[in-house]
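Structural overview for review
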Amino acid sequence: MQLKLPQCPLCIVGTVARISLGASLVFVGLIHYMTFESFVGMVSEDLAFLSFPGTLWAYILPALMIVGGALLVLHMFTEIALWASSIALGSIPAGMLLKSVLSGLPLSETMQPAVNALIWLIALIVITKISDACCENGCCTPAKK
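Described in the following lines is the structure provided in the data block. (Residues numbered from 1 in each chain as written. Predicted model: local features only at pLDDT ≥ 70, side-chain atom pairs only at ≥ 80, totals over all residues. Heavy atoms only, no water.)

Some words on the overall build of the protein chain
- Within the protein chain one finds five helices and zero strands.
- Along the chain direction, N to C, the helices and strands of the protein chain fall in the order α-α-α-α-α.
- For the protein chain, the spread of C-alpha atoms along the three principal axes comes to 60 × 25 × 20 Å.
- For the protein chain, the proportion of contacts with a sequence separation of at least 24, taken over those separated by at least 6, is 67%.
- Split by element, the accessible area of the protein chain, about 8,800 Å² in all, is 72% carbon and sulfur. (Helix = DSSP H or I, 4+ residues; strand = E, 2+ residues; numbered from the N terminus. Contact = heavy atoms within 4.5 Å. Areas by Shrake-Rupley, 256 points an atom, 1.4 Å probe, with all protein chains shown as cover.)

Notes on the nonpolar core
- Leu-25, Phe-39, Ala-58, Leu-72, Ala-88, Leu-89 and Leu-124 are the most contacted members of the largest nonpolar core, which totals 19 residues.
- Counting residues per element, the ones that place at least two in this core are helix 1 (9-34), helix 2 (36-44), helix 3 (51-74), helix 4 (78-103) and helix 5 (107-137).
- With six residues, the single largest contributor to this core is helix 3.
- Setting aside residues up to four positions removed in sequence, Leu-25 forms contacts with Met-65, Ile-66, Gly-69, Leu-72, Ser-85, Leu-89 and Trp-120. (Core = buried A, V, L, I, M, F, W, Y, C linked by side-chain atoms within 4.5 Å. Buried < 20%, exposed > 50% of the residue type's maximum accessible area, 1.4 Å probe, protein only.)

Let's talk about the packing of helix 1 against helix 3
- Packing of helix 1 against helix 3 brings their axes to within 7 Å, and their N-to-C directions diverge by 155°. On the basis of their axis angle, the class for helix 1 and helix 3 is roughly antiparallel. The way helix 1 lies across helix 3 gives a crossing that is left-handed. Of the residues in helix 3, those touching helix 1 at Arg-18, Ile-19, Gly-22, Ala-23, Leu-25, Val-26, Val-28, Gly-29, Leu-30, His-32 and Tyr-33 are Tyr-59, Pro-62, Ala-63, Met-65, Ile-66, Gly-69, Ala-70, Leu-72 and Val-73.
- Of the residues contributing to the contact of helix 1 with helix 3, the split by class is 15 nonpolar, four polar and one charged. (Axes fitted to C-alpha atoms, helices over the stretch in contact; angles between N-to-C directions. Parallel < 35°, antiparallel > 145°, perpendicular 65-115°, else oblique. Left-handed = near helix turned anticlockwise from the far one by under 90°. Nonpolar A, V, L, I, M, F, W, Y, C, P; charged D, E, K, R; others polar.)

Section: the side chain of Arg-18
- Tracing the backbone shows Arg-18 in helix 1.
- Of note is the side chain of Arg-18, whose polar atom sits 3.3 Å from the backbone oxygen of Val-73.
- Arg-18 has contacts with Leu-72, Val-73, His-75 and Ile-127, leaving out every residue within four places of it along the chain. (Polar contact = N/O pair within 3.5 Å; in protein donor to acceptor, adjacent residues only side chain to side chain.)

Listed below in structure tokens is the structure:
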């Protein structure tokens, strides 16, 4: 298989954005595991009776980020990459706002991380749409012999 770099401007930017977002997800996932003790505490605190599932999720979330991000960078197994990345990013706003519901944590403490994760999720949507459009135009497929 021969690698063919995209030629159209939108596909070039989309490829760089996909690789950047994927690498960023990998790095964030790795950082979560590198600072695991504090990460587990951050995820599980303020979840009241859901503290134990929060602790379990702290083990899974970084793995989803790493797997999804790596597959985005490699542009392989797109469905798995998007499921893993979307679940990881989508769980953050839901989890943060759940903390406000369960423990009365003020929205001023949970809204910023929730919105940040939504921005990442929107970036994933845009990058996926660009990638789909570019692949339909054939500029990201290997050259035919």
